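Summary of the model geometry
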Amino acid sequence: MNVGNVLLATAFAVLLGATGILARAYLADDDRHVGYVTMLTGTGAVALAGALAQLTYQFVVTDYSNAYVWNNTADYLPLLYRVTGVYAGNEGSILLWAALTALVAFTAGVIRGFPDRHSKLVHAITFGIVTYFVGMLLLQSPFASIRTEFANAPPGYIPTSGEGLNPLLVDPYMAIHPPVMFVSYALLTMPFAIGAAHFVSLFRGDGSVFAAWRGSVTRWLRVSWLFLTVAVALGGLWSYTVLGWGGIWAWDPVETAILVPWLFLTATVHAVVRYRPNDEYRILAPAMTATVFSLAIYTTSIVRSGTFRSVHSFADGGIGISFIVLMVLTSVLGVVVPLAYWFLQDGEATGSDGAWLTRDNLLHAAVLLFGLLTFVSLWGLSFPVLRAAVTGVEVSVESHYFNLWSYPLVGIALLLLGFYMDFDVEGRRRSLTGLAVFGTAAVAAAFVAPSETWQLSPSPPTQSPIYGVLGSISVLSILPPAAYAILGVTKRALARIPATADRGAMFKETGITAIHVGAVLLVLSLPFMYMFAGQASAMATGIASESVDTSYQDVAGTDYSVRVLDYTSNEFPQNPKPESYALSADQVAARGPSLNGTVQAVYGTVTDIRRGPQATVIQLDNSRTWVGVIQRNETTGNLSVQTGQGLVARGRLMWNFVPNADATVLASPQTIGSPANPPEGVVPTRVQVDGVSLAVYEDGKLVTSGVAGQREYPQQGNMQVRDVLIDRGLVTDTYVIAGVSDGTASMTVKQVPLMSLLRLSIVLLVAGMSTVLVFDPEHGIQTLTASTASSTDVEPETTD
């Protein structure tokens, strides 16, 4: 058993012990051995962190004795992308998830301790989840030996090169995006445990758990919301720059899988704010808190089921029964149990005083709308899996489904946001007038479409009447709700912020304003970005190293023209050192018979040459490693090899093949040469980069210039990644995609509007969430750090 597996086994043992102790303490109300829990969980967290560090180290040094490392990296990759390989597959990403969750659970245990039965139950659930993750890793370890890949290889065999990283992951955004997402998912574990423990406790007649943990839940949710927002944004920006989509969103299944928990988390954050132990949201808020993590597990499970053909399913090698069991367990605890309690209790009190138009009811409506938006995405994601399971027929849900069903809900949500904010400032009568004006304007604008381009989907592929109605809606209809929402948010900010004496409350109000303005700008930019993105193509022929066509090529239907200034074609790695792709004589001797029968590249200094009638053999470095070249024709006899010169060769390595030699590499004249100019067959081509230097003009004026083209990875199925050229304008991005093949450059020039507005919206969202998270007077991090240590939160009814 290697170090990594020992660390995993240690973590599993101690975490299982801690979970068992806490579960027994909760069920039997017996605190014996509870004092060991902190030590055990600390040991588990350290062991998992150590396992993650061990795996990362193996990637950094490219230790190909590990099958997972061999599958997901290669020596030619820069250090950043060797680290990225750690979470490129199922095993590594689950280890990352488990290590982060263990750290979160251990930190929560240290902060809160285990003072009562409720806390023991909460921590038993969190440690139980981590234990389950580790159990999955023991069944499918990221530290499996390379012999799992090469079962018939000689004992001790270790490949000299790796398979490489999925080319789509070779990007800075993808180096950051997965860890940020898993931080968010790890943080959701605590709210899930608290929500699940709350209903378990209620069923057992032990009273509420949620009330005492409400402040902590708010902080966990807000931090997770922030990280998940950043993760979604990074994923979108990666799509924009790497995939050549010319947009940040395409309803790809993996994209939708992260959007579902984000939407429901947004609703949950709003619901928890209004939680009261004996009044409104006493069931819904804990239930939603528990459900978010269940949704994250569910969506992660189904996109790794292998049903979807996602462009970036990097870890879809099969989820196994263990992930399905986890999905079922979290669904039962996070969804079924709360629903059962809700039915048995016959709903919950609304806190209404009889009036239907109240802030509480408006918030109810907002939560409901986010719930419906979540369902639209969830159903679109789940339907292909359910259909395939029932009928065996694979189907896909196209983007028009998501767009058509989400658009009306988003428009209503914007109107509701404007009305809610206006209601706070202007009161019932004037706010109703505002709602009527902007609502009417939205309905009227829905019928104003200057051309088909303004309609959501003028030619829906289905003949369903409802799709026809929704598809004919003009996108102008989004403007009145967006304007109303901005107006309402601004009015409330201008009324509240100056009147706020408390510094924390002022920052919180500012953050809330930034979040809602950012959300409105995001919604406003997305439909226009896609519907009004114009594109046209041009083609330049004769693209070769010495015959570049530099004439202006008009882009038909636009004011653009392009000139191809140069053509470049490169292979990487370039001029690699022999030790980066070949073995020395000493390394061959060290690996011994394990290399027998494998194809290897070797290098060294020629110290002896023996020519025979049928073959020439060449000794390297006075060692027992020789290179043999069988004479099949006259070319072998003309080998220009002299003693003292450097040599590289590639061929099948035979152990004890001839007398007086341990290893003989059987090469051909085409696979033997000098290190300074190695033959093409000796140095593996990892990346073939083809690009054209372009100048893009609009109305004769230079807009941008640069290189566009593609990278092709021969050893990974000739997979291609686009290198797009983007000129980031204030209003419109100029986006150029070029495909270079057989001496021809096919260029597509796109105009992508409102990308600057979208980037601004992301900045506002992240800045606003961070501000609220830090400065909230009741549940902000600043408040937490400034307050004296307390094992439980204050009574929520007195803090809001």
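Throughout, residues of each chain are indexed from 1 in the direction in which the sequence is written. Whole-chain, interface and lining totals are the exception, using all residues; otherwise, since this is a predicted model, local features are given only for residues with pLDDT of at least 70 and side-chain atom pairs are given and counted only at 80 or more. The side-chain numbers reported here are obtained from all heavy atoms of the structure, hydrogens and water having been left aside.

This part takes up the overall build of the protein. For the protein, the helix and strand inventory stands at 22 helices and 15 strands. Its C-alpha atoms give the protein principal-axis dimensions of about 105 × 80 × 55 Å. Exposure classes here rest on a 1.4 Å probe applied to the protein chains alone. A residue is buried below 20% of its type maximum, exposed above 50%, and partly exposed in between. Counting over 800 residues, the protein shows a buried share of 52%. Residue pairs in contact within the protein that sit at least 24 positions apart in sequence constitute 71% of those at least 6 positions apart. Per-residue and other accessible areas were derived by the Shrake-Rupley procedure at a 1.4 Å probe size, with only the shown protein chains allowed to occlude residues. Of the roughly 33700 Å² of accessible surface on the protein, a fraction of 60% belongs to carbon and sulfur atoms. A positive count includes Lys and Arg, and a negative count includes Asp and Glu. His and the chain ends are not counted in either. Lys charges are placed at NZ, Arg charges at CZ, Asp charges at CG and Glu charges at CD. Looking at the protein, you have 42 positive and 55 negative side-chain charges, and the mean spots of the two groups are 5 Å apart. Comment: elements are numbered from the N terminus, with helices defined as DSSP H or I runs of at least four residues and strands as E runs of at least two. The contact definition used throughout considers only heavy atoms, calling two residues in contact when any of these lie within 4.5 Å.

Moving on: the sheet that holds strand β2 (residues 552–554). Ordered in space as β2-β3-β10-β11-β12, the 5 strands form an open sheet in which the pairing is antiparallel. Both outer strands of the open sheet, β2 and β12 (719–723), are each paired with one neighbouring strand and no more. The sheet shows a mean angle of 30° between the axes of neighbouring strands, taken without regard to direction. Pairing geometry for strand β11 (residues 701–713) and β12, over 5 bridges, is antiparallel. Each residue of the ladder has a partner; that of Q710, found in β12, is R722. Pairs of strands are assigned from DSSP output, requiring at least two bridges between the strands. Between the N-to-C directions of two axes lies an angle of 0 to 180 degrees, each axis being a line fitted to C-alpha atoms and, for a helix, fitted only over the stretch in contact.

The next point concerns the side chain of S761. If you trace the backbone, S761 turns up in helix α20 (residues 755–775). The buried category is assigned to S761, whose relative accessible area is 0%. Those residues in contact with S761 that sit more than four places away from it in its chain are G518, L521 and L522.

We now examine unusual backbone geometry. One non-glycine residue, D621, lies in positive phi territory at about 55°. Assignment of secondary structure puts D621 in the loop between β5 (615–620) and β6 (625–630). Unusually for a residue other than glycine, D699 sits at a positive phi of about 55°. With respect to the helices and strands, the residue D699 is situated in the loop between β10 (687–698) and β11. For D699, a relative accessible area of 58% gives the class exposed.

Judged by how many residues are buried, strand β8 (residues 663–667) sits mostly within the fold: 4 of 5 residues are covered. Bridge count for β6 against β8 is 5 bridges, and the pairing is parallel. Across the sheet, residue V629 finds its bridge partner in β8, namely A667. Alignment of strand β7 (residues 646–655) against β8, held across 4 bridges, turns out to be antiparallel. Residue W655 lies in a different strand from β8, and its bridge partner there is A663.

Let us look at the nonpolar core. Put simply, buried Ala, Val, Leu, Ile, Met, Phe, Trp, Tyr and Cys residues joined by side-chain atoms within 4.5 Å make one nonpolar core. Within the largest apolar cluster, 162 residues are counted, with the highest numbers of intra-cluster contacts made by L48, L95, F133 and Y185. Element by element, the count of residues in this core is highest for helix α9 (residues 210–242), at 15 residues. With residues near it in sequence (within four places) discarded, F133 still touches I94, W97, A98, T101, I297 and L326.

Now for helix α5 (residues 90–112). The length a helix should cover is 1.5 Å for every residue beyond the first. For α5, with 23 residues, the first-to-last C-alpha span of 32 Å sits near the 33 Å given by 1.5 Å per residue. Counting buried positions along α5 yields 17 of 23 residues, so the element is predominantly enclosed. Note on α5: the residue one or two positions beyond its end, G113, has a positive phi of about 70°.

Moving on to the pattern of salt bridges. Salt bridge, as used here: a side-chain nitrogen of Lys or Arg that lies within 4 Å of a carboxyl oxygen of Asp or Glu. Enumeration according to the criterion identifies 20 salt bridges in this entry. Between D608 and R610 there is a salt bridge; the shortest N-O distance is 3.2 Å. Connected through salt bridges with shared partners, the residues R359, D424, R492, R496 and E509 form a single ionic network.

Here we have 4 strands laid out as an open sheet, ordered β1-β15-β14-β13, and antiparallel in their pairing. The two strands at the open ends of the sheet, each matched to only one other strand, are β1 (534–540) and β13 (725–727). Across the sheet, the axes of successive neighbouring strands diverge by a mean angle of 15°, strand direction being ignored.

Moving on: the environment of L521. Positionally, L521 belongs in helix α17 (residues 503–531). Considering only alpha carbons, one finds L521 and A366, 155 residues apart in sequence, at a separation of 18 Å. When residues no more than four places from it in sequence are discounted, the contact partners of L521 are L757, L760, S761 and L764.

A few words now on the environment of P465. By secondary structure assignment, the location of P465 is in helix α15 (residues 465–471). Remark: the alpha-carbon pair of P465 and A74, spanning 391 residues in sequence, is separated by 54 Å.

Ring pairs shown here join Phe, Tyr and Trp side chains whose ring centres sit within 6.5 Å, with only the six-membered ring taken for Trp; geometry is labelled stacked below 30 degrees between planes, edge-to-face above 60, and tilted in between. Taken as a whole, this structure holds 26 aromatic pairs when the rule is applied. Residues W251 and F402 carry aromatic rings whose centres are separated by 4.5 Å and whose planes lie at 10° to one another, so their mutual orientation is stacked. Here the residue W251 occupies a position in the loop between α9 and α10 (253–273), and F402 occupies one in helix α14 (residues 399–445), the gap between them amounting to 151 residues. In this pair, the class of W251 matches that of F402, namely buried. As a reminder, the over-ring test applies to NZ of lysine and CZ of arginine, requiring each to be within 6 Å of the ring centre and within 35 degrees of the ring normal. Its end group placed over the ring of W213, R112 keeps NZ or CZ at 4.0 Å from the ring centre.

Look at α10: 31 Å from first C-alpha to last across 21 residues, which is about the 30 Å you get at 1.5 Å a residue. Extensive coverage of α10 is indicated by the burial of 18 of its 21 residues. Two N or O atoms count as a polar contact when they lie within 3.5 Å, although within protein this holds only if one can serve as hydrogen donor and the other as acceptor, and sequence-adjacent residues are included solely when both atoms are side-chain atoms. Measuring from the side-chain oxygen of the N-cap residue of α10 to the backbone nitrogen of V254 gives 3.1 Å; that N-cap residue is D252.

The next thing to look at is the packing of helix α6 (residues 117–139) against helix α8 (residues 189–203). Taken N-terminus to C-terminus, the directions of α6 and α8 make an angle of 130°; their axes are 9 Å apart at the nearest point. Classified by the angle their axes make, α6 and α8 are oblique. In the crossing of α6 with α8, the sense of the turn from one axis to the other is right-handed. Between α6 and α8, the contacting residues are H118, L121, V122, H123, I125, T126 and I129 on the first element and T189, M190, F192, A193, I194, A196, A197, V200 and S201 on the second. Any angle between 65 and 115 degrees counts as roughly perpendicular, while under 35 counts as roughly parallel, over 145 as roughly antiparallel, and the rest as oblique. For any helix crossing, the convention is left-handed if the near helix is rotated counterclockwise from the far helix by under a right angle, and right-handed if that rotation is clockwise.

Summarising the sheet, strand β4 (residues 599–611) and β7 pair through 7 bridges and their orientation is antiparallel. Each bridged residue has a counterpart across the sheet, and for G604 the counterpart in β7 is L647. Here β4 runs beside β5; their pairing, made up of 5 bridges, is antiparallel. Within β5, the position partnered with R611 by the bridge is T616. Between β4 and β5, which pair antiparallel and follow one another directly, the connecting turn spans 3 residues.

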